[in-house]
Protein chains: 2
Amino acid sequence: MRGSFACGVAPLLLTLILAPAATTTFFSLPSPWGYRCDVGRCIKEDNTGVEDLVTLNTCKLTCGPFGVLWPQPKSATVGKEVVQFLPSNITHKTSCAPAVCELLEQAVVIFKDNLQRYHPDYAAGLTPWKGPWGPATVGHTLNLDVTVNTDATRLSLETDESYSLSVSTTGQTTTAIIITATYFGARHALETLSQLVEYQEYQDSLMIVSTAEVSDSPVFKYRGLILDTSRNFIGVEAIERTLDTMAANKLNSFHWHITDSHSFPLYLESLPKMSYYGAYSSRHVYYPADIRHLVEYGRVRGVRVLPEFDAPAHVGNGWQWTEKEEGLGKLAVCVNREPWQSYCVEPPCGQLNLANPNMYKLLGQIYDEMVQLFSPLDLFHYGGDEVNLNCWNTTAEIVAWMTENNNGLDADAYYVQWGTFQERARQLLTTANGEKEVTGILWTSHLTEAGHVDRFLNNSQYIIQIWTTGDDPVIGELLKKNYRVIFSTYDSWYLDCGMGAWVGEGNNWCSPYKGWQKVYDFSPYEIAINQTGADQRDLIMGGEAALWTEQVDDTAVDSKLWPRGAALAERLWTNPSANWKPAETRFIHNRQRLVKRGVMAERIQPEWCHQNEGLCYL
Amino acid sequence: MRGSFACGVAPLLLTLILAPAATTTFFSLPSPWGYRCDVGRCIKEDNTGVEDLVTLNTCKLTCGPFGVLWPQPKSATVGKEVVQFLPSNITHKTSCAPAVCELLEQAVVIFKDNLQRYHPDYAAGLTPWKGPWGPATVGHTLNLDVTVNTDATRLSLETDESYSLSVSTTGQTTTAIIITATYFGARHALETLSQLVEYQEYQDSLMIVSTAEVSDSPVFKYRGLILDTSRNFIGVEAIERTLDTMAANKLNSFHWHITDSHSFPLYLESLPKMSYYGAYSSRHVYYPADIRHLVEYGRVRGVRVLPEFDAPAHVGNGWQWTEKEEGLGKLAVCVNREPWQSYCVEPPCGQLNLANPNMYKLLGQIYDEMVQLFSPLDLFHYGGDEVNLNCWNTTAEIVAWMTENNNGLDADAYYVQWGTFQERARQLLTTANGEKEVTGILWTSHLTEAGHVDRFLNNSQYIIQIWTTGDDPVIGELLKKNYRVIFSTYDSWYLDCGMGAWVGEGNNWCSPYKGWQKVYDFSPYEIAINQTGADQRDLIMGGEAALWTEQVDDTAVDSKLWPRGAALAERLWTNPSANWKPAETRFIHNRQRLVKRGVMAERIQPEWCHQNEGLCYL
């Protein structure tokens, strides 16, 4: 060892750690860095001999106009001071209808758990709060006072999700007054309140801004994520995490694309062989208890769980049993048929057999059970995308049936049958729902194109989900015909794009990868204005980001969904006029918070950028 | 509920599950699907009334010429029959030098744990084997007989990693005879043996091919992964998983890019303030015990842990303390200097201060401790990339020093000083290593360009790591001058490419994402032949895939590294003449195996493709 530099430093404490001999226990020292808020930016400075610097968390909570709130509220004033408290010192009182109060109790439990998770050593529900704390911290109480004025306990497109939140501190008490029309607003308010809190490193405590006024409501009523659980199975725990993280970002619609041609993981009591033949294995099945659990799990978190049974295309594996055993005949055709390119858009192929009336009986049973499992429904997604006419038109049984019934064999003949199918499906679903009409959602497809949509789809019965591109003229056509729409265009809001190819080589079909900036900046109103001259706010229900899972399962579902799902969430909640740049710092902190909540959200930047705001620019 | 289709089926058992009432306990039934091996392909068939179909795992183990072995051995004959056994019935005997035997005991423990992980319900070291088993399964024993002929216990570029593995079964005993020159070959053999085993779903047991002959050795001696732990901190557990998974794929070099300008997470006992000022927080530090643990963890798994201390560029945060406290003066210049574009390739900037002699003292101390922590070294990586002359040439202290010493101020003047720095660094490292020379590795840079490399870098002292592109002429230049090289060209082997941008918007600098096919197909020998007319096998040490972590931390490090790291592994172990296509089925099964071993490897395809070999094509 050459002449080594023992680093003498002013505070005696530091010299203890300079002994070259290995120290077995390590002193935890205050960081040599502190932060100063400078015009909405937290600036990192050396705090040796400097008194008025604060920790990074303290600065983040109080520096910007919206602190670290995400999505950005409609209006908010966030105080510049914080007070310390312990998560054990929280009281709450509620004024609400019984059923709402019962939900609120659960929301408060979630709120308290979210606060525990701010501690860096939180693990499996336990947090080792050690202190030492001063009397002020120990004695400080956070009181929640929640008033909900209606008894709504189910989310619908008409639900008032607005809330007002007022935080004030007097002496050793901080009071948070929440007043909302519905439970769903209250739940959002508790989420916002939890974002006015952070971990205070040096007191091993929590801290909350001492004052805040928030008045908030969403711009779009439908704010969702699509998760495909057929291409690859996604476990119940991963879906729970997805619902938790949607709630953290005030997204309110989990669109469950539960089946497809690849697998049929849904166990149906009256049709057990659908999953027996169609699930990837006995461990890749959603049983009724799982579904009911997730629907309720979502409801408490303000997230509707919307089932999609995609048809008449995107069916296949799981339908093979009918032909063999029951004399039901083939209810799905082109199943796993080769060469797949001739019969569908990706392997394996499969479409319902329009020629076999038993198909409608089985479809009715499927709808019966899905309505029970996901009830009560406020929406139902019929799928309806990527029908391949060649599949039908090269299936002998269907060609014979079309011929016998003089339907013709040209494309329009099949559109007519497809339209007929859709109307029968709608009737079967309505029957399954006790003759109570349910608004249906359909993907854009040939059926929603100009010249077809008016003939087959009534704009009071269907919302059209646009999955093509932001410049697809079908958007303007649909809006001008007064169709309500949901945006999930793949050129901005498909989260599976950009990986390697899974058929052939190179990169997958919708590459490149959509960065959070692109997700954030896509504005449905701007598209509507471009194509129709008006923002069509009454027709645009909202939007969804989609995670198709050809190349995703439990190992990376979190990092694919988040934090880019949060970028979607601010677009749909706040619909900011600015682009991503002013939101970047808040977005990065929100990602950190999501990781603390147990979500394996992807890293967007080096930690250095989080600690040196504004210095990672181009 | 309309007239429902109760599905009567032949086997009585099935009717029990058809009752429409919800069943609380579910019967586990054999899958209705089975597999038949047809010319190296596992074909899925309905097994109703068919006797000779086998499970997917059984077919995969025995169908293709190399079963599910990865990387593909040099030569192997894999039997077509399997026998069942339980992981509790494994015995082993070894013939080896004491130090080797001690390592072998650990390797056998790892081998047994890998077998336990085949069970789908393995969790936290425990596996609920339930059976019921027949007497044959209960009575069957797997005997390991391992002979290691030398006493080598440290990996070097000369290590003989070859092995022979012979599996035979007589009655109720399967014997695996392993004969190798070194422990490292034996450990590889045990890994291959574990890949001749799989989970037998219907017996809730393990199964092993009853016979196999494998004779194997790697084509390239240096087979590595780079992990950057400065841009974002990667936890010790994630690094352990990385070493485990490298071992599973017979990669042998974990290149630890431990510091950079962003953070200095390495705790040094003689220089504690480097991490005190440079780590992101007190929780983002590698203490000596962590380092020594990981070095030993790698050694047992046949993976050398190669330290890189990148200099003279890529230094910065962590060096700020010297100027203030000790009168050492500034040892790093341009630290966090703005606008960063003028002084480095990405924020934040920072380079060592050539003008301050104290810099070499501190560098010597750093090397002293790194040599102790990572000893014994067989290689040391000096970094040496992306030096920005403008940073030096706009630092008054350096300009004055250059002027005083009549060094000149043009580019060449600075190359001379950079060369001088590198030689002094090499001497400091040699001294730190007890005057025992260590082969150094340097990144390609201006210093390794034609016209510079001969002047400054002796080809017997340095291996050059090529990070640019596969068509960079510097490759041919270096090979023709007899420099040994390691390939890690970013256009095939950078695993961080393809995400969103982290400065500005769009996609990051080295997009698009490199799919596993591209990683697999890149052949260093082909590049050498293109540029020099010969494959230069004596000069090409091997290659590395790189994971720079500007946009990665613990939440997605696994899915970024794997299974694409496995594609690299077969290229470097087997160097196959064919492209990725014939390897696809084996590659996908290897990914499934890695996930069973607890690695959150990315999903490459729908599970349907894994269960329907060859049908996901373009």
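Residues numbered from 1 in each chain as written. Chains lettered and ligands numbered in written order. Predicted model: local features only at pLDDT ≥ 70, side-chain atom pairs only at ≥ 80, totals over all residues. Heavy atoms only, no water.

1. Here's the deal with the overall build of chain A
Here comes step 1: Summing up its helical and strand segments, chain A has 22 helices and 21 strands in all.
Here comes step 2: Its C-alpha atoms give chain A a radius of gyration of 27 Å, within 12% of the compact-globule value 25 Å for 618 residues.
Here comes step 3: Overall size of chain A, expressed as C-alpha extent along the three principal axes, is 95 × 65 × 50 Å.
Here comes step 4: Counting only residues that meet the buried cut, chain A has 63% of its 618 residues in that class.
Here comes step 5: Long-range pairs, those at least 24 residues apart, make up 71% of the contacts in chain A with a sequence separation of at least 6.
Here comes step 6: Within chain A, the 70 negative side-chain charges are centred at a point lying 3 Å from the centre of the 48 positive side-chain charges. (Helix = DSSP H or I, 4+ residues; strand = E, 2+ residues; numbered from the N terminus. Rg over C-alpha atoms; globule rule 2.2 N^0.38 Å. Buried < 20%, exposed > 50% of the residue type's maximum accessible area, 1.4 Å probe, protein only. Contact = heavy atoms within 4.5 Å. Lys, Arg positive; Asp, Glu negative; His and termini not counted. Charge placed at Lys NZ, Arg CZ, Asp CG, Glu CD.)

2. So, the interface of chain A and chain B
Here comes step 1: Opposite the 106 residues of chain A that make contact, chain B presents 107 residues.
Here comes step 2: Buried area between chain A and chain B, summed over both chains or domains, comes out near 8,900 Å², and the portion from carbon and sulfur atoms is 56%.
Here comes step 3: At the boundary of chain A and chain B, one finds 12 salt bridges.
Here comes step 4: Close ionic contact of B:Asp46 with A:Lys324 constitutes a salt bridge, the shortest N to O distance being 2.5 Å.
Here comes step 5: Inspection of the region where chain A meets chain B yields 48 residue pairs in polar contact (both at pLDDT 80 or more). (Buried area = accessible area lost by both parts, 1.4 Å probe. Salt bridge = Lys/Arg side-chain N within 4 Å of Asp/Glu carboxyl O. Polar contact = N/O pair within 3.5 Å; in protein donor to acceptor, adjacent residues only side chain to side chain.)

3. Some thoughts on the domain arrangement of chain A
All names here are of chain A.
Here comes step 1: Split by domain assignment, chain A resolves into domain 1 (16-216) and domain 2 (222-611).
Here comes step 2: Each of domain 1 and domain 2 has a C-alpha centre, and these two points are 36 Å apart.
Here comes step 3: Listed per partner, the contact involves 35 residues of domain 1 and 38 residues of domain 2.
Here comes step 4: Taken together, the two surfaces of domain 1 and domain 2 that pack against each other cover about 3,500 Å², and 54% of this comes from carbon and sulfur.
Here comes step 5: Between Glu-161 and Arg-223 there is a salt bridge, with its nearest N and O atoms 2.7 Å apart.
Here comes step 6: At the boundary of domain 1 with domain 2, the tally comes to 24 residue pairs in polar contact (both at pLDDT 80 or more).
Here comes step 7: Taken together, the elements giving at least two residues each to the side of domain 1 that touches domain 2 come down to α2 (56-62), α3 (98-116) and α5 (183-194). (Domains from an automatic or database assignment.)

4. Remarks on the pattern of salt bridges
Here comes step 1: According to the stated counting rule, one finds 58 salt bridges over all chains in the structure shown.
Here comes step 2: A salt bridge links A:Arg117 to A:Asp113, with the nearest nitrogen and oxygen atoms 2.7 Å apart.
Here comes step 3: Note that A:Glu201 and B:Arg283 form a salt bridge whose closest N and O atoms lie 3.8 Å from each other. Taken together, the residues A:Glu201 in the loop between β9 (197-200) and β10 (205-209) and B:Arg283 in the loop between α7 (272-278) and α8 (288-300) connect one chain to another.
Here comes step 4: Using a relative accessible area of 36% as the deciding quantity, one classes B:Arg283 as partly exposed.
Here comes step 5: Put simply, A:Asp228, A:Arg231, A:Asp260, A:Glu346 and A:Glu550 are held in one network by salt bridges that share partners.

5. Comments concerning the pairing of strand β19 (residues 462-466) of chain B
As a general feature of sheets, a regular strand has side chains that alternate between the two faces.
Residue and element names in this part refer to chain B.
Here comes step 1: By the criterion of burial, β19 is predominantly enclosed, with five of the five residues buried.
Here comes step 2: Across the two faces of β19 the burial is the same, with Tyr-462, Ile-464 and Ile-466 and Ile-463 and Gln-465 all buried.
Here comes step 3: Looking at chain direction, β19 and strand β20 (residues 484-487) are connected through four bridges and run parallel. By the bridge assignment for β20, Ile-466 is matched with Phe-487.
Here comes step 4: Handedness of the crossover joining β19 and β20 through helix α15 (residues 474-480): right-handed. (Pairing = 2+ DSSP bridges. Right-handed = clockwise from strand over helix to strand, strands pointing away.)

6. Some remarks on helix α18 (residues 524-532) of chain B
Along an α-helix, residues three or four apart share an orientation, since each turn contains 3.6 residues.
Residues and elements named next belong to chain B.
Here comes step 1: Along α18, the positions that sit buried rather than exposed are Pro-524, Tyr-525, Ile-527, Ala-528 and Gln-531. Buried residues of α18, seen end-on, are gathered within an arc of 160 degrees and therefore sit on one face of the element.
Here comes step 2: Tucked into the core, α18 has its buried residues touching α15, β20, α16 (490-493), β21 (540-547) and α20 (564-573).
Here comes step 3: Remark: Gly-533 follows α18 within two positions and exhibits a positive phi of approximately 85 degrees. (Arc of directions from axis to C-beta.)

7. Quick word on the UniProt feature "active site" (unreviewed entry) in chain A
Here comes step 1: Per the UniProt entry, the sites bearing "active site" (unreviewed entry) are A:Glu386 in this numbering.
Here comes step 2: When residues no more than four places from it in sequence are discounted, the contact partners of A:Glu386 are A:Ala313, A:His314, A:Val345, A:Gln351 and A:Trp467. (UniProt positions renumbered as here; feature names shortened; annotations may be inferred.)

8. Details of the nonpolar core
Here comes step 1: Judged by nonpolar contacts, the single largest core of 122 residues is most densely connected at B:Trp256, B:Phe309, B:Trp319, B:Tyr367, B:Phe374 and B:Trp392.
Here comes step 2: The biggest single contributor to this core is helix α10 (residues 358-374) of chain B, with 10 residues.
Here comes step 3: Contacts of B:Trp392, omitting those with residues within four sequence positions, involve B:Pro312, B:Val333, B:Gln351, B:Leu352, B:Leu354, B:Val387, B:Ile398, B:Val399, B:Tyr414 and B:Trp418.
Here comes step 4: Ranked by size, the runner-up nonpolar core spans 121 residues in total, among them A:Ala332, A:Ala355, A:Leu363 and A:Val519. (Core = buried A, V, L, I, M, F, W, Y, C linked by side-chain atoms within 4.5 Å.)

9. Looking at the packing of aromatic side chains
Residues and elements named next belong to chain A.
Here comes step 1: Taken as a whole, this structure holds 66 aromatic pairs over all chains when the rule is applied.
Here comes step 2: Ring geometry for Trp-70 versus Tyr-520: centroids 6.1 Å apart, planes at 50 degrees, classification tilted. Residue Trp-70 is located in the loop between α2 and β3 (75-78), and its partner Tyr-520 is located in helix α17 (residues 516-521); the two are separated by 450 residues in the primary sequence.
Here comes step 3: A centroid spacing of 6.0 Å and a plane angle of 75 degrees characterise the contact between Trp-516 and Tyr-520, whose relative ring orientation is edge-to-face. Note that Trp-516 and Tyr-520 are positioned in helix α17 at a spacing of four residues, about one turn of the helix.
Here comes step 4: Members of the aromatic cluster, joined through ring pairs, are Phe-264, Phe-309, Tyr-367, Phe-380, Tyr-382 and Tyr-462. (Phe/Tyr/Trp six-rings, centres within 6.5 Å; stacked < 30°, edge-to-face > 60°.)

10. Points about unusual backbone geometry
Here comes step 1: The linkage connecting A:Trp70 with the following residue, A:Pro71, adopts the cis geometry, with an omega of -5 degrees.
Here comes step 2: By the element assignment, A:Pro71 lies in the loop between α2 and β3.
Here comes step 3: In this chain, B:Ser511 is followed by B:Pro512 through a cis amide linkage whose omega measures 5 degrees.
Here comes step 4: In this fold, B:Pro512 is placed in the loop between α16 and α17 (516-521).
Here comes step 5: Phi is positive for A:Asn575, which is not a glycine, with a value near 45 degrees.
Here comes step 6: Turning to its location among the elements, A:Asn575 is positioned in the loop between α20 (564-573) and α21 (584-596).

11. Quick notes on the pairing of strand β4 (residues 82-85) of chain B
All names here are of chain B.
Here comes step 1: Alternating residues of β4 divide into Val-83 and Phe-85, all buried, and Val-82 and Gln-84, none buried.
Here comes step 2: Where β4 meets strand β10 (residues 205-209), four bridges bridge the pair, whose relative direction is antiparallel. Bridge pairing in β10 links Val-83 to Ile-208.

12. What to know about the relation of the copies chain A and chain B
Here comes step 1: Its rotation angle being 180 degrees, the transformation that places chain A on chain B also includes 0.0 Å of axial translation and leaves an RMSD of 0.0 Å. Here the transformation between the copies is reduced to the relation of a two-fold axis. (Least-squares fit on C-alpha atoms with pLDDT ≥ 70 in both.)

13. A short note on the environment of A:Val108
Residue and element names in this part refer to chain A.
Here comes step 1: Relative to the assigned elements, Val-108 resides in helix α3.
Here comes step 2: For the pair Val-108 and Lys-60, spaced 48 residues apart in sequence, the C-alpha separation works out to 25 Å.
Here comes step 3: Excluding its chain neighbours within four sequence positions, the residues that come into contact with Val-108 are His-92, Leu-144 and Leu-190.

14. Side note on the UniProt feature "domain: Beta-hexosaminidase eukaryotic type N-terminal" (unreviewed entry) in chain A
Here comes step 1: When the UniProt feature table is mapped to this numbering, "domain: Beta-hexosaminidase eukaryotic type N-terminal" (unreviewed entry) covers residues 69-196 of chain A.
Here comes step 2: Taken end to end, residues 69-196 of chain A is 28% helix and 30% strand, and its two terminal C-alpha atoms sit 7 Å from one another.

15. A short note on the environment of A:Asp410
Here comes step 1: Within the secondary structure, A:Asp410 is located in the loop between α12 (396-404) and α13 (411-432).
Here comes step 2: Taking the C-alpha atoms as reference points, A:Asp410 and A:Arg283, separated by 127 residues in sequence, lie 44 Å from one another.

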